[in-house]
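Chains, contacts and geometry: an overview
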Amino acid sequence: GIFLFACLGLALLYPYNAIISASDWFGYVMPNEANIAGRLSNANFVASLITTFVVLAAASPKEIKETTPTENPKAPPIRRQSSLYETFTKGAKSTVLDLHARIYIGLLLEAVPLLVFAIIYPTMGVATALSFIVGIGDALAQSGIFPLAGGI
């Protein structure tokens, strides 16, 4: 439980603190650029939004087939998963493995830009691309963490 909530804190707070709140540092590194925080936050949020829609589309049920009274009148509806969802979870013992993979991949995608920012002084294009990658990682990590946290 504690590890899960630590990951939740990283997934929610890291993008904001490392990208959007660091506008002074980006202003120091790129003094000729205007509205750095706005451009980086736009890249981050657009990537998060697109990734969220992709994850939702991949994990949404394809159809709900109602049971008929001749089969079992008390049975709940049968949910069929989308083909993308089946592809991502094929061979997994449960969907929890898929959720864990999204958490770890998402946190990794959030950590790599921090290392790049620590090593080089990026240009605006590089900073925007890295902010976009962080947005993808943010959405992936959160899409894995929230379903797991809901079961605690």
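Our structure is the block above this text.
Our subject in this report is the structure included herewith. (Residues numbered from 1 in each chain as written. Predicted model: local features only at pLDDT ≥ 70, side-chain atom pairs only at ≥ 80, totals over all residues. Heavy atoms only, no water.)

Thoughts on the packing of aromatic side chains
Where we set the bar: In this scheme Phe, Tyr and Trp rings, the latter by its six-membered ring, pair at centre separations within 6.5 Å, and the angle between planes marks the pair as stacked below 30 degrees, edge-to-face above 60, and tilted otherwise. Numbered from the N terminus, helices here are DSSP runs of H or I no shorter than four residues, and strands are runs of E no shorter than two. Each residue's exposure class comes from its accessible area (1.4 Å probe, protein chains only) as a fraction of the maximum for that residue type: buried when under 20%, exposed when over 50%, partly exposed otherwise.
As enumerated under the stated definition, the model contains five aromatic pairs in all. Here W25 and F117 contribute two aromatic rings whose centre-to-centre distance is 6.1 Å and whose plane-to-plane angle is 65°, an arrangement assigned as edge-to-face. In this pair, W25 sits in helix α2 (residues 23–29) while F117 sits in helix α5 (residues 95–119), placing the two residues 92 residues apart along the sequence. Residue class for F117 comes out buried when judged on its relative accessible area of 8%. Taken together, a centroid distance of 5.1 Å and an interplanar angle of 80° make the contact between F26 and F117 edge-to-face. In this pair, F26 sits in helix α2 while F117 sits in helix α5, placing the two residues 91 residues apart along the sequence. Of the two residues, F26 and F117, both sit in the buried class.

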